[in-house]
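A structural walkthrough
Next come the chains, spelled out residue by residue.
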Amino acid sequence: MTNQESPSAQARPGLPSVSAVTEVTRFTTTAGHAAAGAGRLALGAVTGLLRGRPPGTSDVAHEVRRTFEHLGPTYVKLGQLIASSPGVFGNTMADEFETLLDRVRPADPALVRQVFVEELGAEPEAVFAQFDPVPIASASIAQVHTATLASGEEVVVKIQRPGIADRLAPDVAILERLAGLVEMSEYGRMLSARHVVEDFADGLGSELDFRNEAATMAEWFECLQPGPFGDRVRVPRVYGELTTARVLTMERIHATRIDDVRAVRAAGHDGVALCRNLLLSLLDSAFHGGLFHGDLHAGNVLVDDQGKLVMLDFGIVGRFDARTRRILRQLVVDLIVKQDYDAAGRAIFLLGAVHNPGSTAQGGADIEKVAAPLSATDMASMSYTDLGRRLAAVAKAHDARLPRELVLVGKQLLYVEKYMKLLAPRWKAISDREIYGYMAGIMKEAERDRRGRRPASDTTKS
Ligand SMILES: Nc1ncnc2c1ncn2[C@@H]1O[C@H](COP(=O)(O)OP(=O)(O)OP(=O)(O)O)[C@@H](O)[C@H]1O
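Let me sum up the structure you'll find in this document. This one's a predicted model, so the numbers in the text were calculated from it and none came from an experiment.

1. Brief notes about the overall build of the protein chain
Broken down by element type, the protein chain carries 20 helices and 11 strands. The buried share of the protein chain, reckoned over its 462 residues, is 53%. Counted over contacts in the protein chain with a minimum sequence separation of 6, partners at least 24 positions apart contribute 70%. Accessible area of the protein chain: about 20,300 Å², with a carbon and sulfur share of 54%.

2. A short note on the site of the ligand
For the ligand, the set of nearby residues contains 21 residues, the closest of which are Q80, S140, K158, G299 and D313. The backbone of G299 places a nitrogen or oxygen atom 2.7 Å from an oxygen atom of the ligand. A distance of 2.7 Å is found between an oxygen atom of the ligand and a side-chain nitrogen or oxygen belonging to D313. In the complex, 95% of the free accessible area of the ligand, which totals 620 Å², lies under the protein chains. Going through the elements one at a time, α4 (73-83), β3 (142-148), β4 (154-160) and β6 (247-251) are the ones with two or more residues in the shell around the ligand. Grouping the amino acids of the shell around the ligand by side-chain chemistry returns 10 nonpolar, five polar and six charged. Shared between two domains, the shell around the ligand takes at least three residues from each, and those domains are domain 1 (20-104 + 166-207) and domain 2 (254-451).

3. Regarding the pairing of β3
Counting buried positions along β3 gives six out of seven residues, so the element sits mostly inside the fold. Where strand β2 (residues 137-138) meets β3, two bridges bridge the pair, whose relative direction is antiparallel. Its bridge partner being in β3, A137 is matched across the sheet by V144. The loop that links β2 with its antiparallel partner β3 comprises three residues. If you look at the hairpin formed by β3 and β4, you'll find five residues sitting between the two strands, and G152 has a positive phi there, around 95°.

4. Here's the deal with the packing of aromatic side chains
This model, assessed by the stated rule, comprises eight aromatic pairs. Consider the rings of W220 and F314, whose centres lie 5.3 Å apart with planes at 55°: the pair is tilted. Of this pair, W220 sits in helix α12 (residues 210-224) while F314 is found in the loop between β10 (309-311) and β11 (317-319), placing the two residues 94 residues apart along the sequence. Exposure class is identical for W220 and F314. Each is buried.

5. Side note on the sheet that holds strand β7 (residues 256-257)
Reading across the sheet, the four strands line up as β5-β10-β9-β7 and stay open at both edges, with mixed pairing between neighbours. Of all the strands in the sheet, just β5 (233-234) and β7 have a single pairing partner and so form its edges. Note: strand β9 (residues 301-303) against β10, three bridges, orientation antiparallel. Paired with V301 across the bridge in β10 is M311. Along the sheet face, helix α14 (residues 271-289) touches β5, β9 and β10 and points at about 45° away from the line of β10.

6. Overview of the pattern of salt bridges
Taken as a whole, this structure holds 22 salt bridges when the rule is applied. Close ionic contact of K158 with D313 constitutes a salt bridge, the shortest N to O distance being 3.6 Å. Within this pair, whereas K158 is found in strand β4, its partner D313 is found in the loop between β10 and β11, the two being separated by 155 residues in sequence. Judged by its relative accessible area of 17%, D313 falls in the buried class. For R211, the salt bridge goes to D209, with nearest N and O atoms at 2.8 Å. When its relative accessible area of 16% is taken as the criterion, D209 is described as buried.

7. A closer look at the nonpolar core
Of all hydrophobic cores here, the largest spans 83 residues; its most connected members are F97, W220, I258, L278, L309 and M311. Broken down by element, the residue count for this core peaks at nine residues, all from α14. When residues are assigned to domains, this core turns out to be shared by domain 1 (20-104 + 166-207) and domain 2 (254-451), each giving three or more. Every residue in contact with L278, bar those within four places of it in the chain, is listed here: I258, L296, V301, L309, M311, V416 and Y419. Counting 14 residues, the second-largest nonpolar core is a separate cluster that includes V112, A147, V155 and Y239.

8. Focus on the packing of α14 against helix α19 (residues 404-423)
Two elements in contact, α14 and α19, have axes whose closest approach is 9 Å; the angle formed by their N-to-C orientations is 170°. Judged on the interaxial angle alone, α19 and α14 are roughly antiparallel. Together, G271, V272, L274, C275, L278, L279 and L282 of α14 and Q412, L413, V416, Y419, M420 and L423 of α19 make up the contact between the two elements. When the residues that make up the contact of α14 with α19 are grouped by side-chain class, the tally is 11 nonpolar, two polar and no charged.

9. A short note on the side chain of K158
Relative accessible area serves as the criterion here: at 9%, K158 is assigned to the buried category. When near neighbours in sequence (up to four residues on either side) are disregarded, K158 contacts A142, Q143, V144, F210, E213, R246, V247, L248, M250 and D313.

10. Remarks on α4
For α4, a buried count of 10 out of 11 residues is recorded, marking the element as mostly surrounded by other parts of the structure. Of the residues making up α4, those classed as buried are P73, T74, Y75, V76, K77, G79, Q80, L81, I82 and A83.

11. Observations concerning the environment of P425
Mapped onto the secondary structure, P425 falls in the loop between α19 and α20 (433-450). A sequence separation of 153 residues divides P425 from V272, and the C-alpha atoms of the two residues are 8.8 Å apart.

12. Some thoughts on a nonpolar patch on the surface
Nonpolar side chains collect at one region of the surface, where I336, V337 and M443 lie side by side and expose about 240 Å² of accessible area between them. Classification of M443 by relative accessible area gives partly exposed; the value is 35%.

13. A word on α20
Over its 18 residues, α20 extends 26 Å from the first C-alpha to the last, a length consistent with the 26 Å expected when each residue adds 1.5 Å. Of the surrounding elements, those touching the buried residues of α20 are α14 and α15 (322-337). The N-cap of α20, judged by a side-chain oxygen 3.0 Å from the amide nitrogen of E434 a few residues on, is D432. Positioned one or two residues after α20, G452 has a phi angle of 85°, which is positive.

Rules and cut-offs
Residues numbered from 1 in each chain as written. Predicted model: local features only at pLDDT ≥ 70, side-chain atom pairs only at ≥ 80, totals over all residues. Heavy atoms only, no water. Helix = DSSP H or I, 4+ residues; strand = E, 2+ residues; numbered from the N terminus. Buried < 20%, exposed > 50% of the residue type's maximum accessible area, 1.4 Å probe, protein only. Contact = heavy atoms within 4.5 Å. Areas by Shrake-Rupley, 256 points an atom, 1.4 Å probe, with all protein chains shown as cover. Near = heavy atom within 4 Å. Polar contact = N/O pair within 3.5 Å; in protein donor to acceptor, adjacent residues only side chain to side chain. Nonpolar A, V, L, I, M, F, W, Y, C, P; charged D, E, K, R; others polar. Domains from an automatic or database assignment. Pairing = 2+ DSSP bridges. Phe/Tyr/Trp six-rings, centres within 6.5 Å; stacked < 30°, edge-to-face > 60°. Axes fitted to C-alpha atoms, helices over the stretch in contact; angles between N-to-C directions. Salt bridge = Lys/Arg side-chain N within 4 Å of Asp/Glu carboxyl O. Core = buried A, V, L, I, M, F, W, Y, C linked by side-chain atoms within 4.5 Å. Parallel < 35°, antiparallel > 145°, perpendicular 65-115°, else oblique. Patch = residues over 30% accessible without salt bridge, like charges linked within 9 Å, V, L, I, M, F, W, Y side chains within 5 Å. Expected span 1.5 Å × (residues − 1).

In structure tokens form, the structure reads like this:
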């Protein structure tokens, strides 16, 4: 989209002030981004969103979505978060951004083919018995083609978008500057926007090498196997000999997206069981495996015909070392079970989130104000947006910045919240027997940690 095609930001209701847009645009131009003109509307909208004024009309949402798509992978990822968080960004935006989950405009077919040949040394038709040049899905980093092996097995071939590494570098420069602006807000400061962008940049190299993704898929699956949820999840089988830095060949999964409520119900799956399994596998991989999926948007969470969750796209993951896991276990017990908010304040301090020494004394009382009302509610009906606002106020008072991994877990909980509202709106997670049992187990481990014994279920080392 050219700038002339873009509607003027001033003319649209619900968009941020002209000065905010100009301010952000100045940064995009300084960073030398090729699409800086087209970025004005998108970044203006982001500024509006951060100020709590999301575009409310569908035509504005449509323009912003098109601009995000045009601007490339980083903005597509941001758009995927918007699509999956109607509670934060509103239904109009979430619905419009839906296509960014897996229906982004495909890249030039000749260039895609060139990537494949550079990686595997032959044309796709020479490698596979059948290869479909029209992708079945196309998202931020890659597009996905179906193929059949000579043995007859159906596979998908994930091919990296051509030239993506070159497009990401200027995006990061813009995001770094934008993060500086975002940190002027309470929310942005608490979420350590600059650290999030730094980590994002650090992680890009790894995400762009699909061999890392293949290894992480196996590691994630293995880390859940010792626990009770290992047989409720799946990852596609990877074909190592047909996988390189920019091509990932794996088993083709025939399954339903978790947010396709009608299809999930028609297949006879239990919405409560699916949400419970997703939540518990997230908690168990984080608490015990030390490795959790960091991008649970609906394009990446499928339900197979057995009712198992099939997780795709391990490009973004979070990791907790053994010490952090111990502190988190203690934090859960202090907050949810004992409601000992002073101890919770100390745990948050230990996580490195609080930078203002001496602030922990008041911390317990402040945490109580945020956490106490939660014990009377449940996860499905709780508003994470309200919770976020209350947390931001406390964080401001204590100069707290959440570690990147906690921000990432929080983002996954927003996704889980969305699926709960769709599939199990009346389910009370807090009084669910299995979740209660799981939490009781965490409590016992925290007690063992406290006595200095290493819990048997700690499956990874720090
Ligand atoms: N093994 C598979 N079987 C069937 N479909 C798949 C498989 N892997 C990926 N897909 C489809 O391709 C889409 C994009 O794949 P993937 O999420 O791995 O790409 P990406 O570019 O890394 O995406 P993202 O923007 O989420 O990071 C998925 O949402 C899914 O629809």
